[in-house]
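Chains, contacts and geometry: an overview
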Protein chains: 6
Amino acid sequence: MTGNDHLNDALGKLTADMLASYEAEPRTRRIGETFLPSRENIYDILDEIRELVFPGYFGHKLLTNENVGYHVGNLLVRLGADLTEQIMHCICTGHRCPDCAASAPCNDMRVCAADAERMTTEFLQRIPGIRRLLALDAQAAYDGDPAARSIEEIIYCYPGFYAVTVYRIAYELHAIGVPLMPRIMSEHAHAVTGTDIHPGARIGESFFIDHATGVVIGETTKIGGNVKIYQGVTLGAKSFPKDERGRVIKGLQRHPTIEDDVTIYPNATILGGETVIGRGVTVGGNAYVTSSVEAGRLVRQESPRLEVLDKKVKSSDPVKPAS
Amino acid sequence: MTGNDHLNDALGKLTADMLASYEAEPRTRRIGETFLPSRENIYDILDEIRELVFPGYFGHKLLTNENVGYHVGNLLVRLGADLTEQIMHCICTGHRCPDCAASAPCNDMRVCAADAERMTTEFLQRIPGIRRLLALDAQAAYDGDPAARSIEEIIYCYPGFYAVTVYRIAYELHAIGVPLMPRIMSEHAHAVTGTDIHPGARIGESFFIDHATGVVIGETTKIGGNVKIYQGVTLGAKSFPKDERGRVIKGLQRHPTIEDDVTIYPNATILGGETVIGRGVTVGGNAYVTSSVEAGRLVRQESPRLEVLDKKVKSSDPVKPAS
Amino acid sequence: MTGNDHLNDALGKLTADMLASYEAEPRTRRIGETFLPSRENIYDILDEIRELVFPGYFGHKLLTNENVGYHVGNLLVRLGADLTEQIMHCICTGHRCPDCAASAPCNDMRVCAADAERMTTEFLQRIPGIRRLLALDAQAAYDGDPAARSIEEIIYCYPGFYAVTVYRIAYELHAIGVPLMPRIMSEHAHAVTGTDIHPGARIGESFFIDHATGVVIGETTKIGGNVKIYQGVTLGAKSFPKDERGRVIKGLQRHPTIEDDVTIYPNATILGGETVIGRGVTVGGNAYVTSSVEAGRLVRQESPRLEVLDKKVKSSDPVKPAS
Amino acid sequence: MTGNDHLNDALGKLTADMLASYEAEPRTRRIGETFLPSRENIYDILDEIRELVFPGYFGHKLLTNENVGYHVGNLLVRLGADLTEQIMHCICTGHRCPDCAASAPCNDMRVCAADAERMTTEFLQRIPGIRRLLALDAQAAYDGDPAARSIEEIIYCYPGFYAVTVYRIAYELHAIGVPLMPRIMSEHAHAVTGTDIHPGARIGESFFIDHATGVVIGETTKIGGNVKIYQGVTLGAKSFPKDERGRVIKGLQRHPTIEDDVTIYPNATILGGETVIGRGVTVGGNAYVTSSVEAGRLVRQESPRLEVLDKKVKSSDPVKPAS
Amino acid sequence: MTGNDHLNDALGKLTADMLASYEAEPRTRRIGETFLPSRENIYDILDEIRELVFPGYFGHKLLTNENVGYHVGNLLVRLGADLTEQIMHCICTGHRCPDCAASAPCNDMRVCAADAERMTTEFLQRIPGIRRLLALDAQAAYDGDPAARSIEEIIYCYPGFYAVTVYRIAYELHAIGVPLMPRIMSEHAHAVTGTDIHPGARIGESFFIDHATGVVIGETTKIGGNVKIYQGVTLGAKSFPKDERGRVIKGLQRHPTIEDDVTIYPNATILGGETVIGRGVTVGGNAYVTSSVEAGRLVRQESPRLEVLDKKVKSSDPVKPAS
Amino acid sequence: MTGNDHLNDALGKLTADMLASYEAEPRTRRIGETFLPSRENIYDILDEIRELVFPGYFGHKLLTNENVGYHVGNLLVRLGADLTEQIMHCICTGHRCPDCAASAPCNDMRVCAADAERMTTEFLQRIPGIRRLLALDAQAAYDGDPAARSIEEIIYCYPGFYAVTVYRIAYELHAIGVPLMPRIMSEHAHAVTGTDIHPGARIGESFFIDHATGVVIGETTKIGGNVKIYQGVTLGAKSFPKDERGRVIKGLQRHPTIEDDVTIYPNATILGGETVIGRGVTVGGNAYVTSSVEAGRLVRQESPRLEVLDKKVKSSDPVKPAS
């Protein structure tokens, strides 16, 4: 390995140009500002929460009735310290966001720290509740997938279950008012599973997502109990109502309501804040639904007629999407 | 970094509540039970197998004709030890699953260990066969993608090829009867590539998946030789026939049969255990196929008519799904 | 952990069989050849470039006006060395590819090294330009997503923005003529985000991809300024025109042209090198477009009629794709 | 980095020669035998014990009255598991040693495991006692070194105190009958501090070693309370009485007895199992003592006369030991 | 690996006993107190300073005239941040020490931080001076050891030079008033080299220690320029003058003064604050010197008469110190 | 953690001063020069050699008769590559040393590489010979230390044996002509054990060092077979004969000759190139020997008379060397 003389000669100018670029475009630099929260540490926090929620599954320790109490107390201390630090960074970063520009930024780390400590404790108190919901979700996955061999397999392997786990955690942090962190968590689950659930969505008990890739669930979606969805399902918005200045009107429900006991098959799309899929409805694969469906119905895309052709099609024929 | 007094005061109660939660919901805890297999170690095992199957590609060693024998023998020893240990954990965990509740759990680690040793050796004997198939798959990818520059690029970079590699490994472990591990492997490939191939599917020679994201191939799918599929393709089940007690009847083929020389374009969906796509068929993009197609045909979705509108649509118009 | 006698006895034969397999199938082994570029190092290079492009975001250092110059110069040196080394490996590997078989391989590492040094410097000179484009992309994401709270959130969390970042880097490397590395980078972004953008595509200013999973953008796609696309969109080829020997004719545009100010909603598919989506067009969700659309229009899939059925459907009914 | 052809050509012969060398000299190979205990793991065990003995000093956690109980319980579980595993390896290795050749080796890992579990618990019960002694040793160091600023500085920095800490741990393990591990621990302290204390030595309360380098304390040494020694002190054996077959007669005290309140200055040497240094004695620097000294005396080397010469010494003069 | 039931049963009592032990002996626990400085971080700081002082030697970077400025600026930033943090911890810990109990502890982290920032900058300003001295020390080693092949070998390999390097760094930190850190540094060098130099000692230019093991240089030692010493040399105190309450009287010189151009051969001992070894003196190996020697003399131990005996010595003869 | 404004303001000047210091003192900087060999890599090489020499001891692998051949071949490849790289760096660095200034530096990396490859192979061929000697050394330690329980304990734990192991390796590299590396190795052993053996010393079979700390063995020492030495022994030079220009005359033996079957007890010093300790001699503890002793004799320091005083010594009495 030898040096790169070419680069060496250009080094001074390259550096100057880069600094000039920082001057020219200040939106994408953070110079003289506080630390952002650490994404790596937030992923570790997710792991710690999972270790707490599913004792004996994650982490490499044999738990017994005798040692589990020490394990839990100790894990709470570690998790509490990690959460406090990262929530504080999230608050500090968040105070600079446009939405709170009206109120003066706090400029006082100790206020942020006090908030972070309170939010951390509040979140930890909610973990037993998260645990109760996830047990129901795991059971729903077991009941809903005939290929599942055990609850353990679901907790340990199913991407859809992982996406729901992270959602239930992010939802509580979002509800407590922690900025940024719920988003970082949900994007992590998105990267791992291909399922994008906004932390603001409301999802009832016994929820199951099978295969997971390509699912999108929007911020104001409401989902009842005992709902099951498959890969590629979008629960999205139509257009956004705007005020006269062209700004999106906030506080409105933009995404659909899915009532109890609904099943939605792969690649179905359901759009709109006024769209209500009634109790017990089944939505067929590929269906594109933009208005409400009453309870108890089965909705499916009218099968488009298939053309079955002889292979002698012309080469200009539009059948072959390819790389 | 200072302590969190708020949390400190709550620590005793938080711990007690968490322990009570474990009592209340025993399905999602493993206390007083054996270790689960390690997912991280199983990912390492996948890397070791790839190093063995594609010598000189992965791992950081210059192989020569003189040193390759030592390298291989040594890698087999390492892989063999890692596989034996993890298969043993998989067997121990698996014995507790509902499906084998009828037979008494073995309660004897040495039996599991002996099984694990035998299965490990059996699997290692199959690697040359896996290698032969993967060479054909790589060639198929090279022939099938005009953008491919070399076989090396395919082996080193293509996510679809990675998904097939993991499938062929997981398939053999599944065939030998190793529990849980094939699933952990296929979910790993799923997370990395967005392609979800069940280890029980049967896939012939010279198979190629392009772009990979969103592909789902179900457990009882049968795929012939020289088949090519694109992103977003689902080879799935319709509904599952159930017995009078509402339990899925096992042993039936629930997923389609794809014969030799078939090409399936992006986002096509093919469903059902009795659906046979005959030799040489081409399935067009977005097609939704639920019944058999005879050999040599080209099947495509009848193009739905596009509406081309003036932009003065009303703001309530359902065209804009958004976050 | 004890030894595996079973395996031990078979070790000699297993090794011999594996070596025989290498002999039998030489396409998938690299014995007696140079090192491939390191994917891990190339991922690190991506991280270093991001640290340079978005100062203060990635990496764990507090930047100030006083220290940022040293930081940048130092980072350029490190990045320069890493790039030079990996580009050299890419060139060495690339010279063996079929496409350049006509010209004699260089067989002279120093030539490769000189090329690598020149290409590295050339790339580093382009980073301020990349930075300018990414600032516009970040602003476009902020303007385009009402849920976005700040530019920081976009840079730090949005998978679509990450995919575009990697694309803009890979594009410049591809333009300079670096082999293999752009592909490795784009497949990395593909794995993380589910978005597959070929480094050869041309994409204008202020580009935004929302939700990201399942997007495919082909090699010869041309995209104008201010374009926004959603999850699951494919910009693909129809069939490839071939010469009389059956080889794809190179140099033709196989993928569509998207003009300025176009928005494409989820899961829409647009195919073909002669397909031009005119300025300001909106393409609705799920639309399947294979011919040009003139400027200013709104194109949407004619809503297929939904069947709303009573739940008493027959069990053989093809509505339930499942695992 | 290129390959080494020279080596490549010789590889087969080099390997064969090495294997022949293993055949020729079996004393220094372990082929087909159990694992040795892990030195790295045993060093980690020392760190864990220190974390337990001096809470809040080592390890990176803020301890409070509320969390310390969970911390301790959890640390005991971790330490207990690590100790059990390594003690088991020590027992397995030890059973092959010449001294127990008379009794048949156990050949039953479960017996070793049961012994290891019992010994581990026994050791953990002794830690409060070790703690009590080390508090007195720390106080003795603080009182004995006018340069010491605080007890914390001693616990955190003093090599002599570290050597004593490891000795007190190794002594208890040795007393319980754990083979090999005490030796590995004492050699670790020896490497770090230059002080070599045999785990079998008996040392009373309030013991202090200053500067530490070069101290040797033999196996059958007996040291009373409130003793202070300096760098380079040897408490050693004279010759070993042997039986008629030339074997050392075991069970005899070969090293000296040091009574309470003795101070021994640097580089003094005290030899012999019958040598008793009485209560309150002070031994001067460089003294070479091979017989007993009665209580209350000050013993010093008679100052050898110094020659003070003019510098015009001949070049052959033996004053200049050098490298 | 199975659990240890024996330990499991005892766990509650073991924990309670340990907590009782913490109550009983509060001197050796830190519960509810601030963090100690991190020894690992302080060792890293030493490495960073060495990288700064000897550019191109340590760290893995090719330095050129073009890049060295960025490297230095960047390293100063990193070192500055690390030093500030650890010095702050040192100050916080130090304020609790007995010696400053009279003055109220500050209880205000921001005061400590401000002091730490000032001290850090002050230290960094002294590094060029340290560099100048170390260049002279390296030259002295090269001139003084005929076996030395190059200055590089000395800087890179010689333990005596490493001990002097750490001393010169620790001395400046001690002079600036940083508590605890100089001690941690000098004990680190002590562990690595066997040479124990108190940070308070004053040592002139061009100092060389050969072989290093066992050297002790006390707190109030004064050493002139161009002095060379060998392994095992002690420059120590006699007894300490005490006041009527038995406390050591501070501020007095307790260790010897060594003037310019002195050479001290292995294992020589020189004691006492009033002992002055005059300019140009040579002290022979093993000499034990407790009073002053005037300039220009050669001092050596009068050779003790060697007894050369026939081997038929009695077995009780005190010649064989052994383990 | 907040920034250090104090430092920030000074940063520019600090950097400039540091650069000026590099200009002012060029002896201690390496700017624009090749890489030094890596000490960390050389320590790893030592570990690899030990793994090869003592199979089954170091490294974490269960060796069997079936797998040991693959293990050895593979380890030779790895060790060979590491050695080749580091020896090349050693040669490149060495060519700049003053001693070879007469001959032009090679300036051709390929020449160095070829030398490095040849030297590497030559060294590997010598490992069986090293192994034979170390087996004898281990046996000698076992026979010589009545406290030793097994050969394994010696190989695994004894610092003196480690020092001899490293010496035998460094000796062969030195004999082959590898610059710098033997020194780096011997200083590593020196740091770990306190024993400093020059790689140029010649030491016969069955050599044993007990306790190890403080031993120094000079470059031209010759030691016969079956020699045993204890801690603190120096085998050193008297003064160095110099030529008329004051340069040390090379090629002369400056250190003593120790014949077969000699034992040297702790802290003895033997000096001078003409000093021969004859076959079978025993040298007593603390003896200071500067002339030859004929075979079969026992040499001991005439016991200096001990003064045994009443404790009422004056406080000015020079008996208390202390810190």
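Calculation rules
- Numbers given to residues run from 1 along each chain, matching the order in which its sequence is written.
- Each chain takes a letter, starting from A, and each ligand takes a number, starting from 1, following the order in which they are written.
- Where local features are concerned, this predicted model is filtered to residues with pLDDT of at least 70; where side-chain atom pairs are given and counted, the filter is 80 or more; whole-chain, interface and lining totals use all residues.
- Put simply, DSSP marks the helices as runs of H or I at least four residues long and the strands as runs of E at least two long, and each gets a number from the N terminus on.
- By the convention adopted here, residues make contact when the C-beta atoms placed from their backbones lie within 7 Å.
- We superpose the copies by least squares over the C-alpha atoms of residues that have a pLDDT of at least 70 in both of them.
- Here a strand pair is declared whenever DSSP counts at least two bridges between the two strands.
- When residues are sorted by character, Ala, Val, Leu, Ile, Met, Phe, Trp, Tyr, Cys and Pro go into the nonpolar class, Asp, Glu, Lys and Arg into the charged class, and all the rest, Gly among them, into the polar class.
- By definition, a nonpolar core groups buried Ala, Val, Leu, Ile, Met, Phe, Trp, Tyr and Cys residues that are joined through C-beta atoms within 7 Å.
- Put plainly, a residue is buried at 20 or more neighbouring C-beta atoms within 10 Å of its own, exposed at 12 or fewer, and partly exposed in between, counting only other residues' C-beta atoms, which are placed from the backbone.
- Axes here refer to lines fitted to C-alpha atoms; in helices the fit is confined to the stretch in contact. Angles between the N-to-C directions go from 0 to 180 degrees.
- Angle categories: roughly parallel below 35 degrees, roughly antiparallel above 145, roughly perpendicular from 65 to 115, and oblique for all the rest.
- What a helix is expected to span follows from its residue count: subtract one and scale by 1.5 Å.
- A score between 0 and 100, pLDDT records how confident the predictor is in each residue.

Overview of the overall build of chain A
- Looking only at helices and strands, chain A features 7 helices and 15 strands.
- Within chain A, residue pairs in contact and separated by at least 24 positions form 47% of the contacts whose partners lie at least 6 positions apart.

Considering the relation of the copies chain A and chain D
- It takes a turn of 180 degrees to lay chain A on chain D, together with a shift of 0.0 Å along the axis; the resulting RMSD is 0.0 Å. Each copy turns onto its partner about a two-fold axis. No C-alpha of chain A approaches the rotation axis more nearly than that of Tyr70 of chain A, which lies at 2.2 Å.

Quick notes on the sheet that holds strand S8 (residues 257-258) of chain A
Residues and elements named next belong to chain A.
- Strand order in the open sheet formed by 4 strands is S2-S5-S8-S11, with parallel pairing between adjacent strands. At either end of the open sheet lies a strand with only one pairing partner, and these are strand S2 (202-203) and strand S11 (276-277).
- With 2 bridges connecting them, S8 and S11 associate as parallel partners. Counted as the bridge partner of Ile258 is Ile277 from S11.

Points about the interface of chain A and chain D
- If you look at the interface, chain A gives 6 residues, while chain D gives 6 residues.
- Classifying every residue of the side of chain A that touches chain D gives 2 nonpolar, 4 polar and no charged.

What to know about the sheet that holds strand S4 (residues 216-217) of chain D
Residue and element names in this part refer to chain D.
- Overall, parallel pairing links the 5 strands, which are arranged S1-S4-S7-S10-S13 in an open sheet. Only two strands of the sheet have a single partner each, and these edge strands are strand S1 (196-197) and strand S13 (288-289).
- Bridging between S1 and S4 involves 2 bridges; their strand directions are parallel. Across the sheet, residue Ile197 finds its bridge partner in S4, namely Ile217.

A few points about the nonpolar core
- Residues Val283 of chain A, Val283 of chain B, Val283 of chain C, Val283 of chain D, Val283 of chain E together with Val283 of chain F are the most contacted members of the largest nonpolar core, which totals 564 residues.
- Non-local contacts of Val283 of chain D, meaning those with residues more than four positions away in its chain, are made with Ile264, Tyr265, Ala268, Ile270, Ile277, Val289 and Val299 of chain D.

What to know about unusual backbone geometry
- In this structure, Ala212 of chain E is a non-glycine residue whose phi angle is positive, near 75 degrees.
- Take Ala212 of chain E: it is sitting in the loop between strand S3 (208-210) and strand S4 (216-217).
- The phi torsion at Asn267 of chain F lies on the positive side, around 65 degrees, for a residue other than glycine.
- Tracing the sequence through the fold places Asn267 of chain F in the loop between strand S9 (263-264) and strand S10 (269-271).

Regarding the pairing of strand S14 (residues 297-301) of chain C
Residues and elements named next belong to chain C.
- With respect to burial, S14 is a largely interior element, 4 of its 5 residues being buried.
- Alignment of strand S12 (residues 282-283) against S14, held across 2 bridges, turns out to be parallel. Across the sheet, the residue bridging to Val283 is Val299, located in S14.

Quick notes on the interface of chain F and chain D
- Every contact between the two is made by 81 residues of chain F and, on the other side, 73 residues of chain D.
- Looking at the side of chain F that touches chain D, the elements that each hand over two or more residues are helix H3 (68-94), helix H4 (109-144), helix H5 (151-157), helix H7 (181-193), strand S7 (234-236), S10 and strand S15 (306-310) of chain F.

Considerations on the relation of the copies chain F and chain D
- Superposition record for chain F on chain D: RMSD 0.0 Å, screw rotation 120 degrees, translation along axis 0.0 Å. The two molecules are tied by a three-fold rotation axis, judged by turn and shift.
- Of all interface residues in chain F, a mere 20% are interface residues in chain D too; the two copies therefore contact each other through different surfaces.

Things to note about the packing of helix H6 (residues 159-176) of chain F against H7 of chain F
All names here are of chain F.
- With their axes 9 Å apart at the nearest point, H6 and H7 run at an angle of 175 degrees to one another. Between H6 and H7, the crossing angle belongs to the class labelled roughly antiparallel. Residues Pro159, Gly160, Tyr162, Ala163, Val166, Tyr167, Ile169, Ala170, Leu173 and His174 of H6 form the contact with H7, whose participating residues are Met181, Pro182, Met185, Ser186, His188, Ala189, Val192 and Thr193.
- Residues belonging to the contact of H6 with H7 are distributed by class as follows: 13 nonpolar, 5 polar and no charged.

A word on the environment of Arg245 of chain F
- As for its placement among the helices and strands, Arg245 of chain F is situated in the loop between S7 and strand S8 (257-258).
- The spacing of Arg245 of chain F and Leu133 of chain F is 112 residues in sequence and 42 Å in space, taken between C-alpha atoms.

Quick notes on helix H7 (residues 181-193) of chain C
All names here are of chain C.
- Over its 13 residues, H7 runs 18 Å from end to end, which matches the ideal 18 Å to within 8%, given 1.5 Å per residue.
- Where burial is concerned, most of H7 is hidden: 10 out of the 13 residues are buried.
- Taken as a whole, H7 has its buried residues at Met181, Pro182, Arg183, Ile184, Met185, Ser186, Glu187, Ala189, His190 and Thr193.

A look at the environment of Gly285 of chain E
- With respect to the helices and strands, Gly285 of chain E occurs in the loop between strand S12 (282-283) and strand S13 (288-289).
- A C-alpha to C-alpha distance of 5.9 Å links Gly285 of chain E and Asn267 of chain E, two positions 18 residues apart in sequence.

Remarks on the packing of helix H2 (residues 39-53) of chain D against helix H7 (residues 181-193) of chain D
Residues and elements named next belong to chain D.
- Where H2 contacts H7, the two axes come as close as 10 Å, and the packing angle between them is 75 degrees. As the angle between them shows, H2 and H7 are arranged roughly perpendicular. Of the residues in H7, those touching H2 at Arg39, Ile42, Tyr43 and Leu46 are Met181, Ile184, Met185 and His188.
- Of the residues contributing to the contact of H2 with H7, the split by class is 6 nonpolar, 1 polar and 1 charged.

Observations concerning the confidence of the model for chain A
Residue and element names in this part refer to chain A.
- The predicted model of chain A has a mean per-residue pLDDT of 87, with 86% of residues at 70 or higher.
- Counting contacts from residues 96-107, a segment whose pLDDT is below 50, to residues more than four positions away or on other chains yields 10 contacts.
- Across residues 313-323 the pLDDT falls below 50, and counting only partners more than four positions away or on other chains, this stretch makes 37 contacts in the model.
- Predicted complex metrics record ipTM = 0.90 and pTM = 0.92.

Re the environment of Thr165 of chain A
All names here are of chain A.
- Within the fold, Thr165 resides in helix H6 (residues 159-176).
- Look at Thr165 and you get buried, because 23 C-beta atoms sit within 10 Å.
- Taking the C-alpha atoms as reference points, Thr165 and Ala201, separated by 36 residues in sequence, lie 14 Å from one another.
- If sequence neighbours within four positions are ignored, Thr165 has contacts with Arg50 and Leu134.

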